[in-house]
Amino acid sequence: MMKDADIVDLYWNREENAITETSKKYEAYLNKVAYNILQDLQDSQECVNDTYLKAWNGIPPNRPAVLSTFLAKITRRLAIDKYRKKKSQKHIDSEYAISLTEIEETLEGNSSLENVFDEKVLGEAINRFLMTLPNDARNAFIGRYYFFDPLKEVAAYCGMSEAKAKSLLYRTRIKLKEYLQKEGFAL
Amino acid sequence: MKAEHILDSLAELDDDMIDEVDRLRSKRAVRRKWKSPMTVAACLVLVFSLALSTNAVSGALDNLLEKIFGIGKTEIVAEMAEPLGISVTADGVTMRAEAIFSDYYHMCAIFTLNRDDGKPFSERLYFARWSGGFPNNSEKTSTIKYVRDTEDYRRCYVCLDFVTSEPLEGQKLVVSFSGLTEITENEYKTIAEGPWNFELSLNIEGEILQIPTDNLKASDSEGTQYTFDSIGISPLGVHIKGVARYLHWSDGYPETEFMMKVKLKDGRLLNALGGMQIHAENKESVAPFDYTAFIDEPIAIENIEAIWLCNTRVTISNFK
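Peer 1: Quick question: what am I supposed to make of the overall build of chain B here?
Peer 2: For chain B, the helix and strand inventory stands at six helices and 20 strands. Across the 320 residues that make up chain B, the buried fraction comes to 48%. For chain B, the share of sequence-separated contacts (at least 6 apart) that also reach a separation of at least 24 residues comes to 61%. Accessible surface, chain B as shown: approximately 14,700 Å² in total, 48% of it carbon and sulfur.

Spelled out as structure tokens, the structure:
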């Protein structure tokens, strides 16, 4: 399997086998990212194919240090967009849908004001918050709400029981709500 | 602020933090690769002893259902399940349709996968391609779930769920699987191409609770109002018909936020997330709808205390 740096070089040299090598190494990984959101193999595969195209258009100018993270961000965004389009027709039972409910139940407030905010500013605030957390709480939060992994899997790779992971995630969401309110975000 | 905003903004997370979690995720996959000689030896003993028991799991439907649905749910599911035992072998992998169960709008089929060479399956397994449905019923949504047998890694279960807005009575499930693929650390490998084709008759069983709907109304967070003509609940899911008013349209689709939850007598609140079909062609603001959904897990009807239809609570015990 080719190293990430070599694959990135292929993109920079505009060699078309960049996509083949990316696919060989990351197809399954990216399919999992999309599948957690869409719960549909065909839609997931379409997102992964679109990811390769976006990577082709994005490298250069980007030179990602960790290719998997760079690609997963693209796939995640594409899959969430597809989820929203599909959800307007039908509900989708996916880990993303469950994660949304979990966030809604603890973090969504009753403010009737239309909140205008920058996604980047909010993301940076959440970054700062996550840095204050112990490793296990931070890893579980990112596993659940960034990768949308099922609770069972998050618990397994964080080395804790499912019940502990569930309660840790709940406490983290409550802490995040308090933190964002303190930072001046209207929830 | 909406939950979507928070999840969207996580795209801005620091790459190092994401990478740290990613390493944990893949390390777990590596641990399952049977590198330790002791682990391999233990597994061979397990495989051998189970081979002697001649397909013990496949022969016992209750045991199989317990592995998939958990001990507490086995009885509920077993009452509805029709044992099948239809096998198809391709490329050294045998797929066996074990059981099927259904109410009028929900169906679940359970299959077992076995490798004929006795090797264990990878922890993550999926079919690259599968298609299925009911020849005379096009309105359907499906999900597929893979459950590894934790006591015998040569075996994996495949659960196929369908919800439909048209009654399933008299239907057959026609389904085809191909491209059985294993996922190991950052790579995937097709271990058998297939196809495995099945045609299965449905067996509709189980109690349906019809809830009186006189003057019952609910409204969702988008301001859409619902009046209900019929609400049926089975141990598997719900089927609702009614009329939606004040529909908002966006990009040619009605924006509805209808949601349903089931409150059990033990205090648990289960989701019934599924498909809302609005029967409108010209962006009408009033249109008939039907909503079909699986409940999070199979339930005994007598254990339901109430249901929530968006913001409206309906106490079930009043109707029993």
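Peer 1: Mind showing me how you'd approach the packing of aromatic side chains here?
Peer 2: By convention here, two paired aromatic rings are described through the distance between centres and the angle between planes. For the coordinates displayed, the defined rule picks out 20 aromatic pairs over all chains. The ring of Trp56(A) has Arg14(A) lying over it, and the distance from NZ or CZ to the ring centre is 4.0 Å.

Peer 1: Sorry if this is basic, but what is going on with the interface of chain B and chain A here?
Peer 2: One frequent convention defines the size of an interface as the accessible area lost when the parts assemble. Taken together, the contact between chain B and chain A spans 49 residues of the former and 64 residues of the latter. Both faces combined, the contact of chain B with chain A buries some 5,200 Å², and carbon together with sulfur accounts for 58% of it. There are eight salt bridges connecting chain B and chain A. In this structure, the salt-bridge partner of Lys73(A) is Asp15(B), at a minimum N-O distance of 2.9 Å. Connecting chain B to chain A are eleven residue pairs in polar contact (both at pLDDT 80 or more). Within the side of chain B that touches chain A, the residues separate by chemical class into 24 nonpolar, eight polar and 17 charged.

Peer 1: How do you make sense of the layout of surface pockets when you look at a structure like this?
Peer 2: Of the pockets and cavities examined, the second largest pocket occupies roughly 1,300 Å³. Lys87(A), Glu104(A), Glu4(B), Ser221(B) and Glu257(B) are the residues nearest the centre of the second largest pocket, which is lined by 37 residues in total. Elements with a minimum of two residues in the lining of the second largest pocket: helix 4 (67-87) and helix 5 (95-107) of chain A together with helix 1 (3-9), strand 15 (253-255) and strand 17 (269-278) of chain B. The biggest single contributor to the lining of the second largest pocket is helix 5 of chain A, with six residues. Of the residues in the lining of the second largest pocket, the class split is twelve nonpolar, ten polar and 15 charged.

Peer 1: Explanation requested: the state of the cysteines in the structure shown.
Peer 2: Residue and element names in this part refer to chain B. Under the counting rule described, the total for this entry stands at zero disulfides over all chains. Looking at Cys-156, it has no disulfide partner, and the nearest cysteine sulfur is the one in Cys-159, 8.9 Å off. Judged by its relative accessible area of 3%, Cys-156 falls in the buried class.

Peer 1: I tried to follow the nonpolar core on my own but got confused; where do I start?
Peer 2: Nonpolar side chains in soluble globular proteins tend to be buried together. With 69 residues, the main nonpolar core has Ile126(A), Leu130(A), Leu180(A) and Leu13(B) as its most contacted residues. Residue contributions to this core peak at nine residues, all from helix 4 of chain A. Core analysis: the next-biggest nonpolar cluster, separate from the first, contains 34 residues, Ala28(A), Phe134(B), Ile144(B) and Leu200(B) among them.

Peer 1: In this structure, what is going on with the pairing of strand 2 (residues 93-102) of chain B? I would like to understand it.
Peer 2: The side chains of a regular strand alternate, first on one face of the sheet and then on the other. Residue and element names in this part refer to chain B. For strand 2, the tally of buried residues reaches nine of ten residues, placing the bulk of the element in the interior. Two strands pair when backbone bridges link them, and strand 1 (residues 82-90) and strand 2 are joined in this way by seven bridges, in the antiparallel orientation. In the sheet register, Ala-90 faces strand 2, and the bridge partner there is Val-93. Here strand 1 hands over to strand 2 after two residues, with Asp-91 in that stretch at a positive phi of 50°. As defined by bridge partners, strand 2 adjoins strand 3 (residues 106-115) across nine bridges and the pair is classed as antiparallel. Within the sheet, the bridge partner assigned to Ile-100 lies in strand 3 and is Ala-109.

Peer 1: Help me out: how do you make sense of the pattern of salt bridges in this one?
Peer 2: Oppositely charged side chains are able to pair whenever their charged atoms sit close together. Scanning the model with the defined rule gives 33 salt bridges over all chains in all. Between Asp152(B) and Arg154(B) there is a salt bridge whose closest N-O contact spans 2.9 Å. There is no split in this pair, since Asp152(B) and Arg154(B) are both buried. One network of salt bridges, in which partners are shared, links Lys32(A), Asp149(A), Glu153(A), Asp22(B) and Arg25(B).

Peer 1: Looking at this structure, how should I read the environment of Pro64(A)?
Peer 2: Of note, Pro64(A) is situated in the loop between helix 3 (41-58) and helix 4. With sequence-adjacent residues up to four places away left out, Pro64(A) is seen in contact with Val8(A), Ile59(A) and Phe70(A).

Peer 1: Looking at this structure, how should I read the side chain of Asn31(A)?
Peer 2: Within the secondary structure, Asn31(A) is located in helix 2 (residues 17-38). When its relative accessible area of 8% is taken as the criterion, Asn31(A) is described as buried. Those residues within four positions of Asn31(A) in sequence are excluded, and the remaining contacts are Ser44(A), Gln45(A), Val48(A) and Tyr126(B).

Peer 1: Before we go on, may I ask you to explain helix 5 of chain A in this structure?
Peer 2: Residues three or four positions apart in an α-helix share a direction because the helix packs 3.6 residues into each turn. Taking 1.5 Å of rise per residue, 13 residues should cover 18 Å, and helix 5 of chain A covers 18 Å from first to last C-alpha, within 8% of that figure. Among the residues of helix 5 of chain A, those classed as buried are Glu95(A), Tyr96(A), Ala97(A), Ser99(A), Leu100(A), Thr101(A), Glu102(A), Ile103(A), Thr106(A) and Leu107(A).

Peer 1: Can you help me understand unusual backbone geometry in this one?
Peer 2: Peptide bonds are, in most cases, trans, and in most cases residues other than glycine have a negative phi. All names here are of chain A. Here the residue pair Ile-59 and Pro-60 is connected by a cis peptide bond, since its omega of -15° sits within 30 degrees of zero. Mapping Pro-60 onto the fold places it in the loop between helix 3 and helix 4. Note the cis peptide between Pro-60 and Pro-61, where omega equals 15°. The phi dihedral of Arg-14 is positive, around 55°, even though this residue is not glycine. Within the secondary structure, Arg-14 sits in the loop between helix 1 (4-12) and helix 2.

Peer 1: Would you take a moment to explain the side chain of Thr75(A) for this structure?
Peer 2: Residue and element names in this part refer to chain A. Looking at the secondary structure, you find Thr-75 in helix 4. Engagement of the side chain of Thr-75 in a polar contact is seen with the side chain of Thr-51, the distance being 2.9 Å. Every residue in contact with Thr-75, bar those within four places of it in the chain, is listed here: Leu-30, Val-33, Ala-34 and Thr-51.

Peer 1: Looking at this model, I keep getting lost on the environment of Lys152(A). Mind explaining?
Peer 2: Its location among the elements puts Lys152(A) in helix 8 (residues 151-157). Considered as a pair, Lys152(A) and Ala165(A) are 13 residues apart in the sequence and their alpha carbons are 8.5 Å apart.

Peer 1: Can you walk me through a negative patch on the surface in this structure?
Peer 2: Residues and elements named next belong to chain B. Judged by side-chain charge, Glu-75, Glu-79, Glu-207 and Glu-302 come together as a negatively charged surface patch. In this fold, Glu-207 is placed in the loop between strand 9 (196-201) and strand 10 (209-211). Looking at Glu-207, the relative accessible area reads 45%, which means it is partly exposed.

Cut-offs used in this document
- Residues numbered from 1 in each chain as written.
- Chains lettered and ligands numbered in written order.
- Predicted model: local features only at pLDDT ≥ 70, side-chain atom pairs only at ≥ 80, totals over all residues.
- Heavy atoms only, no water.
- Helix = DSSP H or I, 4+ residues; strand = E, 2+ residues; numbered from the N terminus.
- Buried < 20%, exposed > 50% of the residue type's maximum accessible area, 1.4 Å probe, protein only.
- Contact = heavy atoms within 4.5 Å.
- Areas by Shrake-Rupley, 256 points an atom, 1.4 Å probe, with all protein chains shown as cover.
- Phe/Tyr/Trp six-rings, centres within 6.5 Å; stacked < 30°, edge-to-face > 60°.
- Lys NZ or Arg CZ within 6 Å of the ring centre and 35° of its normal.
- Buried area = accessible area lost by both parts, 1.4 Å probe.
- Salt bridge = Lys/Arg side-chain N within 4 Å of Asp/Glu carboxyl O.
- Polar contact = N/O pair within 3.5 Å; in protein donor to acceptor, adjacent residues only side chain to side chain.
- Nonpolar A, V, L, I, M, F, W, Y, C, P; charged D, E, K, R; others polar.
- 1 Å grid on protein atoms, 1.4 Å probe; cavity = no way out; pocket = protein on both sides within 12 Å on 5 of 7 lines; lining within 4 Å.
- Points joined across faces, edges and corners; volume = space filled by probe spheres on them.
- Disulfide = S-S within 2.5 Å.
- Core = buried A, V, L, I, M, F, W, Y, C linked by side-chain atoms within 4.5 Å.
- Pairing = 2+ DSSP bridges.
- Expected span 1.5 Å × (residues − 1).
- Patch = residues over 30% accessible without salt bridge, like charges linked within 9 Å, V, L, I, M, F, W, Y side chains within 5 Å.
- Lys, Arg positive; Asp, Glu negative; His and termini not counted.
- Charge placed at Lys NZ, Arg CZ, Asp CG, Glu CD.

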